[in-house]
Amino acid sequence: MHQTSSAGSRSGAPASRSLLGRARASVSEDLDAALDRDPAATSRAVVLLTSAGLHAIWVHRLAHRLWRTRYGRWPARLIAYVSRTITGVEIHPGARIGRRFFIDHGMGVVIGETAQIGDDVMLYHGVTLGGTSHARVKRHPTLGNNILIGAGAKILGPVTVGDGVKVGANSVVTKDVPAGVVATGVPAVYRHPRPPEEDPFEVLFNEPALFI
């Protein structure tokens, strides 16, 4: 009996170390992404201790793991609720989020249950990835990779936002967005930047009304 218990312990240890190693690598990757994108981030320690957006993401990853287990949905919802109370960021534990995701400032961000987010996506404060249906179906947006969404923007319904898209502040997106465009306005109008003479970040902020 003692031998069986020891063997189980030995076999479980590598798995635990592997899980811990993946968690550390993921946190390290997130910290690097934050440092790359936030000019106010002066060190890893500052980001680690003071970034509410990253804290919300890390807690979400725990909640999402629980959400996918047989009896974990209630604990996952409670964890998400506590996270929202502390960070001001509401992420449903069912949402699927890729690598190197970053939320700058964080306050007021809402990400719905069936939202799917790719890699290297950045959201500013006040962004909503919301639904437009009361049915239990895919009702929230799907975001590709390398996307930037400005403060206060709303992306509503089961729309698909292609890779490399930039959505301007306070814009409202209710239709699919093709890859590589800049979306600004209410409702959002899509423009293809014309490199090299037009900077896509300048296109994002070329409408003063977006800041009102």
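It should be emphasised that the depicted structure is a prediction, and the values quoted were computed from it without experimental measurement.

Read across the sheet, five strands follow the order E1-E4-E7-E10-E13 without closing on themselves; strand pairing throughout is parallel. Because the sheet does not close on itself, it has two edges, and the strands there are strand E1 (90-91) and strand E13 (172-173). Pairing of E1 with strand E4 (residues 110-111), which is carried by two bridges, proceeds in the parallel orientation. Each bridged residue has a counterpart across the sheet, and for Glu90 the counterpart in E4 is Val110.

On to the environment of Arg61. Examined against the element boundaries, Arg61 turns out to sit in helix H3 (residues 52-67). Setting aside chain neighbours within four positions, we find Arg61 in contact with Ser26, Asp30, Gly98, Arg99, Arg100 and Phe101.

Below, the discussion takes up the layout of surface pockets. The gaps left among the atoms become clear once a water-sized probe is rolled over them. Each pocket or cavity is described by its volume, and for the largest pocket that value is around 620 Å³. Forming the walls of the largest pocket are 21 residues, and the residues nearest its centre are Arg22, Ala23, Ser26, Arg61 and Arg65. For the lining of the largest pocket, the secondary-structure elements that each account for two or more residues are helix H1 (2-37), H3 and strand E2 (96-97). In terms of residue class, the lining of the largest pocket is built from nine nonpolar, four polar and eight charged. Estimated volume of the second largest pocket: approximately 190 Å³. Lining the second largest pocket are 14 residues, and of these Asp38, Ser51, Phe102, Asp104 and His105 sit closest to its centre.

Parameters and conventions
- Residues numbered from 1 in each chain as written.
- Predicted model: local features only at pLDDT ≥ 70, side-chain atom pairs only at ≥ 80, totals over all residues.
- Heavy atoms only, no water.
- Pairing = 2+ DSSP bridges.
- Helix = DSSP H or I, 4+ residues; strand = E, 2+ residues; numbered from the N terminus.
- Contact = heavy atoms within 4.5 Å.
- 1 Å grid on protein atoms, 1.4 Å probe; cavity = no way out; pocket = protein on both sides within 12 Å on 5 of 7 lines; lining within 4 Å.
- Points joined across faces, edges and corners; volume = space filled by probe spheres on them.
- Nonpolar A, V, L, I, M, F, W, Y, C, P; charged D, E, K, R; others polar.

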